[in-house]
Amino acid sequence: SSREKTEFQTRKGELMPTDGRPNSLKIGLWCNWIFVALTAVGWLGIAHFFAPARADLGLEATKVWFTETHRTGVIVGCTLFYIGAGLLTPGSIAFGMMLSKIEGRHPLWSATTAVCGVFISLIVFLNCCGWIVAAYRPEFGADVIQSWYDWAWFAFLLGWIYLAIEMAATGIVELMDNRPNPMIPRWFTWLTLAGALAIFTAAGPAFFKSGPFAYHGLLAFYMPVVVWGSYLSITTWFMIKELGRTA
């Protein structure tokens, strides 16, 4: 369409920007990396969620974890985490815009990628609120703190479906890129699609309180976080390279 030609021209199999928009897209894509950094520093580091309170820790021990041992860290770290989650919104929209240049008219899967990313941003924000509530009032009963803690984890990990759909939608569009040098290398596209299937293990916490499928476990927590975080970080890197190539 004439609108598409205004925004991008094709030359030698590359998407050629014509309206200066890649600068905005680059800023949006950088927001993904800022989100990853704030996740690592704030949530995993300061809030101590690299080793969270176990699902089977017990009511009183969980209360001590939140209201004494890590209270300040949880509040400060989750504050940084939800700030990062806000920045994931423009980052996700930038993903969708980059993919839509491949998909063309009616970019269903590109839009799906963007919308799922925005959903994830909101999910993380709500999770942070739950974890902060658990640490907020030391006078809360242990059962109240445990309830908020469980709710936040379920909202976080059972949201795997949006992560999986986002990754699958991204991979579908990437397979449509038939240029000699596609935006995302095929090997990484296939890893993205495999990852979309693998993170199904994050459904485990609804059924287990201990072991690898509990919300502190290897398969329910650590593996999906690493898989999706790698997808987000590396896809962002390839997209920024694409902007540099077509500038």
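Structure's up top.
Below is a short write-up of the structure.

Criteria and cut-off values
Residues numbered from 1 in each chain as written. Predicted model: local features only at pLDDT ≥ 70, side-chain atom pairs only at ≥ 80, totals over all residues. Heavy atoms only, no water. Axes fitted to C-alpha atoms, helices over the stretch in contact; angles between N-to-C directions. Helix = DSSP H or I, 4+ residues; strand = E, 2+ residues; numbered from the N terminus. Left-handed = near helix turned anticlockwise from the far one by under 90°. Contact = heavy atoms within 4.5 Å. Patch = residues over 30% accessible without salt bridge, like charges linked within 9 Å, V, L, I, M, F, W, Y side chains within 5 Å. Areas by Shrake-Rupley, 256 points an atom, 1.4 Å probe, with all protein chains shown as cover. Salt bridge = Lys/Arg side-chain N within 4 Å of Asp/Glu carboxyl O. Buried < 20%, exposed > 50% of the residue type's maximum accessible area, 1.4 Å probe, protein only. Phe/Tyr/Trp six-rings, centres within 6.5 Å; stacked < 30°, edge-to-face > 60°. Core = buried A, V, L, I, M, F, W, Y, C linked by side-chain atoms within 4.5 Å.

## As for the packing of helix α4 (residues 71–103) against helix α7 (residues 160–174)
Right, on to step 1. Look at α4 against α7: their axes get within 9 Å of each other, and the N-to-C directions meet at 35°. As for the relative orientation of α4 and α7, their crossing is left-handed in sense. Here L99, I102 and E103 of α4 come into contact with α7, specifically with T170, V173 and E174.

## Regarding a nonpolar patch on the surface
Right, on to step 1. A cluster of nonpolar side chains, Y82, I83, L122, F125, L126, V144, W148 and W151, forms an exposed patch at the surface whose accessible area comes to about 700 Å².
Right, on to step 2. Counting residues per element, the ones that place at least two in the nonpolar patch are α4, α5 (108–136) and α6 (142–157).
Right, on to step 3. Residue placement: I83 occurs in helix α4.
Right, on to step 4. Classification of I83 by relative accessible area gives partly exposed; the value is 42%.

## Details of the packing of aromatic side chains
Right, on to step 1. This structure, assessed with the given rule, holds 33 aromatic pairs.
Right, on to step 2. Between F95 and Y231 the ring centres are 6.0 Å apart and the planes differ by 90°, which places this aromatic pair in the edge-to-face class. Taken together, the residues F95 in helix α4 and Y231 in helix α9 (residues 218–246) connect sequence positions 136 residues apart.
Right, on to step 3. On the numbers, 5.8 Å between centres and 75° between planes, the contact of W153 with F156 is edge-to-face. Taken together, the residues W153 and F156, both in helix α6 and 3 residues apart, mark about one turn of the helix.

## A word on the nonpolar core
Right, on to step 1. The biggest cluster of nonpolar side chains holds 55 residues, and the ones touching the most others in it are W43, F49, F66, W131, W153 and W228.
Right, on to step 2. Secondary-structure elements contributing two or more residues to this core are α2 (21–46), α3 (59–69), α4, α5, α6, α7, α8 (186–198) and α9.
Right, on to step 3. When residues of this core are assigned to their parent elements, the largest contribution, 10 residues, is made by α4.
Right, on to step 4. With residues near it in sequence (within four places) discarded, W131 still touches W43, F49, F66, V74, C78, F81, Y149, A152, W153 and F156.

Note that all results are geometric; they support no functional claim without further evidence.
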